[in-house]
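One-letter residues, chain by chain:
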Amino acid sequence: LIDGVAARYGSKVERVVETDITWTRAGVECGGRPDLVLLLENDSCVLVDLKTTQSIGQRALESTLVKHNYHAQLSWYAQGLSEQGLDVAETLIVWV
């Protein structure tokens, strides 16, 4: 995964694993703990979230994604990273 991201973006990659991020939105303190952030050399990053699943079928994965609002969670983390001055170039869910 990391080598693929490095090759795709032509950048060295620094891994940040399960680190708390905090930011303020409309006067409210917000926070999150992404599974993995891959920092690229140009103040951008790739956000990676690990999720477990019982089935790797496309319909099952889509259903799980919507049922648990994983897309919203990634958006929330991306907003926090953006508030930290990072451009989120890509978000990935890795199903295990």
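Just so we're clear, the structure is a prediction, and the values are computed from it rather than from any experiment. (Residues numbered from 1 in each chain as written. Predicted model: local features only at pLDDT ≥ 70, side-chain atom pairs only at ≥ 80, totals over all residues. Heavy atoms only, no water.)

## Considering the overall build of the protein
Counting its secondary structure elements, the protein contains three helices and six strands. The helix and strand sequence of the protein, counted from the amino end, reads α-β-β-β-β-β-α-α-β. Dimensions of the protein along its principal axes, counting C-alpha atoms only, are 40 × 35 × 20 Å. Relative to its 96 residues, the protein shows a buried fraction of 31%. If you sum the accessible surface of the protein, you get close to 6,200 Å²; carbon and sulfur atoms cover 48% of it. (Helix = DSSP H or I, 4+ residues; strand = E, 2+ residues; numbered from the N terminus. Buried < 20%, exposed > 50% of the residue type's maximum accessible area, 1.4 Å probe, protein only. Areas by Shrake-Rupley, 256 points an atom, 1.4 Å probe, with all protein chains shown as cover.)

## Concerning the pairing of strand 4 (residues 36-39)
Two elements, strand 1 (residues 14-17) and strand 4, share four bridges in a ladder whose sense is antiparallel. Within strand 4, the residue paired with Arg 15 across the bridge is Leu 38. (Pairing = 2+ DSSP bridges.)

## Observations concerning the nonpolar core
Counting residues in each nonpolar core, the largest one holds eleven residues, listed as Ile 21, Trp 23, Cys 30, Val 37, Cys 45, Leu 47, Leu 74, Tyr 77, Ala 78, Leu 81 and Leu 86. Elements supplying a minimum of two residues to this core: strand 2 (21-25), strand 5 (44-51) and helix 3 (70-83). By residue number, the principal contributor to this core is helix 3, which donates four residues. Setting aside its immediate chain neighbours within four residues, Leu 74 contacts Leu 47, Asp 49, Thr 91 and Ile 93. (Core = buried A, V, L, I, M, F, W, Y, C linked by side-chain atoms within 4.5 Å. Contact = heavy atoms within 4.5 Å.)

## Quick look at helix 3
Here helix 3 contains 14 residues, and its C-alpha end-to-end distance of 20 Å stays within 8% of the 20 Å for a straight helix at 1.5 Å per residue. Inspection of helix 3 places Tyr 70, Leu 74, Tyr 77, Ala 78, Gly 80 and Leu 81 among the buried residues, and these make up the whole buried set. The arc that holds the buried residues of helix 3, viewed along the axis, is 160°, so those residues lie on one side. For helix 3, the secondary structure elements touched by its buried residues are strand 2, strand 3 (28-32), strand 4, strand 5, helix 2 (58-67) and strand 6 (87-95). Of the residues one or two after helix 3, Gly 85 is the one with positive phi, at around 95°. (Expected span 1.5 Å × (residues − 1). Arc of directions from axis to C-beta.)

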